[in-house]
Each structure stands twice: as C-alpha cells, then as structure tokens.
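# Reading the structure
Listed here are the chains, written in short residue letters.
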Amino acid sequence: MTPQSNFMIVAPVRNGALEGLRGLLAGMNKTVGLADPANALVPFGEFERLHMARFLIIEAITGDDIKAFGREPRPWQPALAFLGDFDGDRLSFLMELAERAGTGLQDIFAHCEGFNRTFDLVSWMVTHNIEPAANYVNWLGRTVKQVHEEAALHRCLSEYLPQIVAETGVDKPRVIRQKLLSHVEMQKHAGLLKLSPEDPTPLAWIIRDGLHKIGVPLILLLLSPVFLILAPFFALRLRLLERSDPELFIRPSREHIEALAYLEDRDVSNQFNVFGDIKPGLFRLFLFKFLMLLTDYVARHIYNRGFLTRIRTIHFARWVFMDNNRRAFFASNYDGSHESYMDDFINKAGWGLNVAFSNAVGYPTTRWIFKQGAEREQQFKYTQRRHQLPSEVWYKAYPDLTAIDLARNSRIRKGVEIRQANQQAIRDWLSEI
C-alpha cells in the first residue's frame, strides 16, 4: 500500500504584490474555478501521484470578530497558500515539484516576502510547510494510478456488457461474468488495460503508524487519573465559557456569497476553505488541540475506508493551526453542492462539526461541546460562509469521479480478481457495472 501525504506551503504576500499574484494564478485556470492540468507554471497533470492541489490567498476577512471578546484584532498580512494531497512521501514529491515546475513556482513565490530565486526551492518549501493538526483521507492507500486504472476497467466492462447480454441473455450471470473476464484479459494482453498490483507498504510508515495507533490511547490511559481529577473543573469552566461567549449572528454579504458560488459546481466535486480566529484563552486552545488530536486519531485509524463518520463525499480534509495557534484553517475537497455538503454534516454529523469548530470565534454556541452548535442551522451556515475563502486555482486529477464512483470502481475490480461465492453475488457485481 502507498499511503497518502500532503503539503501546505504558506508565505505572506509582499506589499503591493497581491493583485499581480492573483492575475498570475488566474492564468493557470482553463475555466472558472478549475485549473488547466497543462498550465505553464505548474502542470499538475504531469504529476502522476498528485490527487488534488490548490492555490489560495488566506485573508483575515473576519478578523474584527475577535473584538466581541474584548480583544484587539491581530494584524494579518495576506498569505499565499499552496496545498496538495498526493501518494508517497512528502520530500520526494516536493523534489519532483521543484524539478518539473521549479521556474513556475519561483515566478509564483517571487510575490512572497523573503523569497529569493537564488534560494534552494525544496528547502524553502520545506521551511514554509505547515503540518496539519488533523488530516483525513477518504481511502488510505488508493493511489492516483489505481483510480485511473479502475476507472478504465469500469469503462471497458460497461461498454462490452450490453453486447454480451444481447448474445447470452440476462439469465446466465456466470457465463456473462466469464465472458467479461476473458474480455479483460484480452484487453490487458493488448496493452489497452492495466491493473497494477499494490506496492509494498513502506516499513518506516508501518512502524510510525503502529506506534501512533498504540501510543496515543496508551498515553491517554496513563493520564486518565489526571483527567478524572480535572474533569469537574473542566466541566465547570466549559459551561461557563459556553454560556458567556458572545454570539455572532452576522449575515454574510451578498457579494461574498456570489463570489464563492461563482467558483462552485463546475465539477462533480468542489473545494472548501475556511479561516478564522480561535476563541481567546488557554482553555479554548488546549481544548481545541486535544479535540484535534482525537480527530486526527480517528481519521487515521478508524475512518480511512470511505467514510468520515457517516459522510461519504469527502476526498481529503485537513485542520491547521496558524499564526502561533491564534487562528485555524480548514480545507476539504467534497462531492456535490455546497448546500448539500453543509446539510450532510448538519444532519448526519452535527456533533462532529461541533467538536471540530466550536472553539473558533463566531461558531454557534454549543452545549457540552456536542449539542446545539451546528443544530442552529442558519447561524451555522452564516458563520461558515463568512469565514470561507475562495481557491484561486484548484486541481483534481480525476474530474467527473466522485468518492462513491471511486469506491464502486474498486469493488468492480475486486469482482474481477476474486471469484464470487454464488449467483446472487455475481448479479450484485454485474449491477455495479
């Protein structure tokens, strides 16, 4: 298995360079909201391991909200962020980026403070990379190559199936299956189809993942006596803050919503970014960090086979602390419309939204973290829209394919490689095609 990795390179934009940078990034798009895979600056389509990538400008458009807590807004200089999700380890991918798109990346990063073309590009990107506090991958180990090969297999089978059915009828599923398998073998022999075996899982990754899987619960278990002692104080402090934190029920401007909506629904999938302040105080920060530790754990070891709680439409997601832990950033790639994305979460995993975002300024008031919050639907939707930022450039390696499509294509492949137990299982497999 080849595990997925990510990067998020962030650098402040030089004074006076913002509009020039936006213009340069806009030139990377082939149409509204979607990158040209062959653009001259970063030809995303040439990177066979790259699932998704985006450039965006992170601006503190809701920075004044912190005044409701009696705090002065911290200055924030607009920053360029370059994010990607890919197969394999980070360093080798950044080296590949520098080798294939070095000049284009230098043209882009030249708009950032402190960048100099004489710098070693890989070292600069490593230095400016920010690790996520929590990260989600829809299906751990499903590579870009696998996605393309399984999509081609599905197309091949779906194109040939009607011909077989016309010749044999619909009442002979075993015969139909055998003819399909023979067709696949002929296509593979002719070089028109390929189903690559899974690569070995890197030993270092297995060790790190195993230590994390065992280590986090073990440490929490060892600390449980401390947690028990602190629990009453924690509960009291939490409820006091939940009752006293100011409510911000602010409607986003029409212009802001229209600018975001203009970029959405150009593909079966969409991109999503939100950025804002963390509620003041060490209690909120430590609670946020602890909840992110748990979120990362369950995303890494439990929800890594097509589901994030009950949500099946998210490809990748990450939570990132920024500005010395005073602000937080979230990015995801999801299927369907923005409205359905929000409704999916509210209806199926509102408590998860509360866990992930209730320590952010502006989030609707929660009750014991898990209750209310996202249940206050309109206030929640206003809040997330106000904090949402558009992507200037967004790339997806397999447009027109949803996460559900990817899962179905994998099941179809499994049906080719593993014999079904009975007639009904064969019919179920044929219905996938």
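As annotated in an unreviewed UniProt entry, the chain is Peroxidase from Methylomonas methanica.

Time to look at the domain arrangement of the chain. If you check the domain split of the chain, you get domain 1 (4-142 + 201-396) and domain 2 (144-198 + 402-432). The C-alpha-based centres of domain 1 and domain 2 are spaced at 37 Å. Listed per partner, the contact involves 12 residues of domain 1 and 10 residues of domain 2. Together, the buried faces of domain 1 and domain 2 total about 950 Å²; carbon and sulfur atoms form 59% of this surface. Our count for the contact surface shared by domain 1 and domain 2 stands at zero salt bridges. Linking domain 1 with domain 2 are two residue pairs in polar contact (both at pLDDT 80 or more), by the criterion used here. Among the residues making up the side of domain 1 that touches domain 2, the classes are represented as two nonpolar, four polar and six charged.

We now examine the UniProt feature "transmembrane region" (unreviewed entry) in the chain. Those residues carrying the UniProt feature "transmembrane region" (unreviewed entry) are residues 214-236 in this numbering. Summarising residues 214-236: 100% helix, 0% strand, and an end-to-end C-alpha distance of 31 Å.

Side chains bearing opposite charge may pair, as long as their charged atoms lie close to each other. Under the counting rule described, the total for this entry stands at 29 salt bridges. The salt bridge partner of arginine 413 is glutamate 150, with a shortest N-O separation of 3.5 Å. One end of the pair, arginine 413, is in helix H11 (residues 403-417); the other, glutamate 150, is in helix H4 (residues 144-168), and 263 residues separate them in sequence. For glutamate 150, a relative accessible area of 3% translates into the label buried. Here aspartate 343 makes a salt bridge to lysine 381, at a shortest N to O gap of 2.8 Å.

A grouping of Ile219, Leu223, Val226, Phe227, Ile229, Leu230, Phe233, Phe290, Leu293 and Leu294 is seen on the molecular surface, where their side chains present a nonpolar patch of about 880 Å² in accessible area. For the nonpolar patch, the element with the most residues is helix H6 (residues 203-244), which contributes seven residues. The residue isoleucine 229 is located in helix H6 in this model.

Viewed as axis vectors pointing N to C, H4 and H11 meet at an angle of 70°, and their least axial separation amounts to 9 Å. With respect to H11, the axis of H4 lies roughly perpendicular. Of the residues in H11, those in contact with Gln146, Val147, Glu149, Glu150, Ala151, Leu153, His154 and Leu157 of H4 are Leu406, Arg408, Asn409, Ser410, Ile412, Arg413 and Val416. Here the contact of H4 with H11 is built from residues that sort into seven nonpolar, four polar and four charged.

Whether parallel or antiparallel, the strands of a sheet pair through hydrogen bonds between backbone atoms. Across the sheet, four strands lie side by side as S6-S8-S9-S7; this open sheet has antiparallel pairing. Single-partner strands in this sheet number two, and they are strand S6 (134-137) and strand S7 (269-277). The mean angle between the axes of side-by-side strands here comes to 10°, regardless of whether they run parallel or antiparallel. Across eight bridges, the pairing between strand S8 (residues 314-322) and strand S9 (residues 327-335) is antiparallel. From the neighbouring strand, arginine 318 faces S9, where its bridge partner is alanine 331. Against the sheet, helix H9 (residues 338-357) makes contact with S7, S8 and S9, and its axis sits at roughly 140° relative to S9, the strand it touches most.

Cut-offs used in this document
Residues numbered from 1 in each chain as written. Predicted model: local features only at pLDDT ≥ 70, side-chain atom pairs only at ≥ 80, totals over all residues. Heavy atoms only, no water. Domains from an automatic or database assignment. Contact = heavy atoms within 4.5 Å. Buried area = accessible area lost by both parts, 1.4 Å probe. Salt bridge = Lys/Arg side-chain N within 4 Å of Asp/Glu carboxyl O. Polar contact = N/O pair within 3.5 Å; in protein donor to acceptor, adjacent residues only side chain to side chain. Nonpolar A, V, L, I, M, F, W, Y, C, P; charged D, E, K, R; others polar. UniProt positions renumbered as here; feature names shortened; annotations may be inferred. Helix = DSSP H or I, 4+ residues; strand = E, 2+ residues; numbered from the N terminus. Buried < 20%, exposed > 50% of the residue type's maximum accessible area, 1.4 Å probe, protein only. Patch = residues over 30% accessible without salt bridge, like charges linked within 9 Å, V, L, I, M, F, W, Y side chains within 5 Å. Areas by Shrake-Rupley, 256 points an atom, 1.4 Å probe, with all protein chains shown as cover. Axes fitted to C-alpha atoms, helices over the stretch in contact; angles between N-to-C directions. Parallel < 35°, antiparallel > 145°, perpendicular 65-115°, else oblique. Pairing = 2+ DSSP bridges.

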